[in-house]
Amino acid sequence: MDDLDRRIINTLQDGFPVCEQPFCAIAAELGTTEDELIARVDRLLADGTLTRFGPLFQVERMGGAFTLAAMAVPEARLDEVAAAVNALPAVAHNYQREHALNMWFVLATETPEEVSAIIHAVEQATGLPVLAFPKERQYFVELKLRA
Amino acid sequence: MNDTANPGIVAQIDREIVRATQAGLPLVPRPYHAVADVIGVAPELVIARIEAMLRDGRIRRIGVVPNHYALGYIANGMSVWDVDDARVDALGAKVGAQDGVSHCYRRPRRLPQWRYNLFAMVHGRDRAQVEAKLVVVAEVLGDAVRAHDVLYSTRILKKTGLRLGPSA
């Protein structure tokens, strides 16, 4: 990752224009070309430096729901249970954490009603209880990491 | 198109835009035109609807999401706090405003397994950086906090964006 990569990552965390040729506008700002910028974003996505490029949706504003859920998974079953959980399209993120509750995943559903059905399905598929932590209040959300 | 002209059609177009972009914007010089071609509407309409969704918050922002680990932020702690219910809302906003806190939510307790009602994600290049930020959060919470813990992530098992199903 070189200086231009870092500047691309930092600039594109602040926003991407909504216009006919947005890459061209950002490339001019960064002192590079449209083709170079597109090629670099492509590479940063392909090599895993970036996990996403595009609109970030607030699912709640569209009637949907985000629910954090946690499970205590026996160490020997981690990969198997992760595969079962991750196979559900509603699972947006899943992290292993250092705690008795060692698997924490986020369900993004189109309606709040779907959450309980999905949690039930996870419990059925794995035989493990799931604790659900729906968001009651959101105080702050803005993840920007300087590259 | 006027936003209120035909709410049913506008909602359907918005939904198609979400579906066409939830895996990401196309990496081409005219990405919104490419989205318009996929869903079969004019590019000006796609641009107008995306601007409308940015204004009303359905789209938080457009841009990139970096992988924490790839950028060297290898310490990712979910800090959790058992905070007096009467004071958690006032204090949650202050915790969310602290440097290094990326997400801050109130969630239900699940007694007896889980006593914590305030969740704050903290990122750092190492655990010492995270711990230093947590000292500040603890100071903000003061005597309203009864117990706390921090759960470090050790592995990303899955990370994708929103996924809408194919049905309307």
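Remember, predicted model here, so these are calculated numbers, not experimental data. (Residues numbered from 1 in each chain as written. Chains lettered and ligands numbered in written order. Predicted model: local features only at pLDDT ≥ 70, side-chain atom pairs only at ≥ 80, totals over all residues.)

Student: Help me understand the packing of helix α4 (residues 88–96) of chain B against helix α5 (residues 127–141) of chain B in this model?
Tutor: Residues and elements named next belong to chain B. Where α4 meets α5, the axes come as close as 10 Å, and the angle between the chain directions of the two elements is 155 degrees. Judged by the inter-axis angle, α4 sits roughly antiparallel to α5. In this structure, the crossing between α4 and α5 has a hand that is right-handed. From α4, Leu91, Lys94 and Val95 reach across to α5, where they touch Val137, Val140 and Leu141. Broken down by class, the residue content of the contact of α4 with α5 amounts to 5 nonpolar, no polar and 1 charged. (Axes fitted to C-alpha atoms, helices over the stretch in contact; angles between N-to-C directions. Helix = DSSP H or I, 4+ residues; strand = E, 2+ residues; numbered from the N terminus. Parallel < 35°, antiparallel > 145°, perpendicular 65-115°, else oblique. Left-handed = near helix turned anticlockwise from the far one by under 90°. Contact = placed C-beta atoms within 7 Å. Nonpolar A, V, L, I, M, F, W, Y, C, P; charged D, E, K, R; others polar.)

Student: Sorry, what's going on with the sheet that holds strand β2 (residues 65–71) of chain A here?
Tutor: Within a beta sheet, neighbouring strands are joined by backbone hydrogen bonds and run either parallel or antiparallel to one another. Across the sheet, 9 strands lie side by side as β5(A)-β2(A)-β4(A)-β3(A)-β5(B)-β2(B)-β4(B)-β3(B)-β6(A); this open sheet has antiparallel pairing. Edge positions in the open sheet fall to β5 (131–134) and β6 (137–141) of chain A, since each of these has one partner strand only. Taken pair by pair, the neighbouring strands of this sheet meet at an average axis angle of 25 degrees, ignoring direction. Examined bridge by bridge, β2(A) and β5(A) share 4 bridges and lie antiparallel to one another. Across the sheet, Leu68(A) pairs through a bridge with Phe133(A), a residue of β5(A). Its contacts with the sheet place helix α4 (residues 78–86) of chain A against β3 (91–97) and β4 (103–109) of chain A together with β5 (145–159) of chain B, and it is angled at close to 165 degrees to β3(A). Of the strands in this sheet, β2 (75–83), β4 (118–124) and β5 of chain B are in contact with α5(B), which crosses β2(B) at around 20 degrees. (Pairing = 2+ DSSP bridges.)

Student: Is there a simple way to think about the packing of helix α1 (residues 3–14) of chain A against helix α3 (residues 34–46) of chain A in this case?
Tutor: In helix packing, the relevant descriptors are the interaxial angle and the interaxial distance, both defined with respect to the helix axes. Residue and element names in this part refer to chain A. Viewed as axis vectors pointing N to C, α1 and α3 meet at an angle of 85 degrees, and their least axial separation amounts to 11 Å. One way to sum up the angle between α1 and α3 is to call them roughly perpendicular. Residues Leu4, Asp5, Ile8 and Ile9 of α1 touch α3, and the partners they reach there are Leu37, Arg40, Val41 and Leu44. When the residues that make up the contact of α1 with α3 are grouped by side-chain class, the tally is 6 nonpolar, no polar and 2 charged.

Student: Even after reading the chapter, I still don't get the interface of chain B and chain A, so can you show me in this structure?
Tutor: Where interface size is quoted, it is often the accessible area lost as the parts come together. With 61 residues of chain B at the contact, the number on the chain A side is 59 residues. Going through the elements one at a time, α1 (7–21), α2 (31–39), α3 (43–55), β1 (59–66), α4, β3 (101–106) and β5 of chain B are the ones with two or more residues in the side of chain B that touches chain A. Residues that form the side of chain B that touches chain A fall into these classes: 31 nonpolar, 16 polar and 14 charged. Of the pairings in the sheet, the one linking β6(A) to β3(B) comprises 4 bridges and is antiparallel in character. Opposite Val141(A), over in β3(B), you have His103(B) as the bridge partner.

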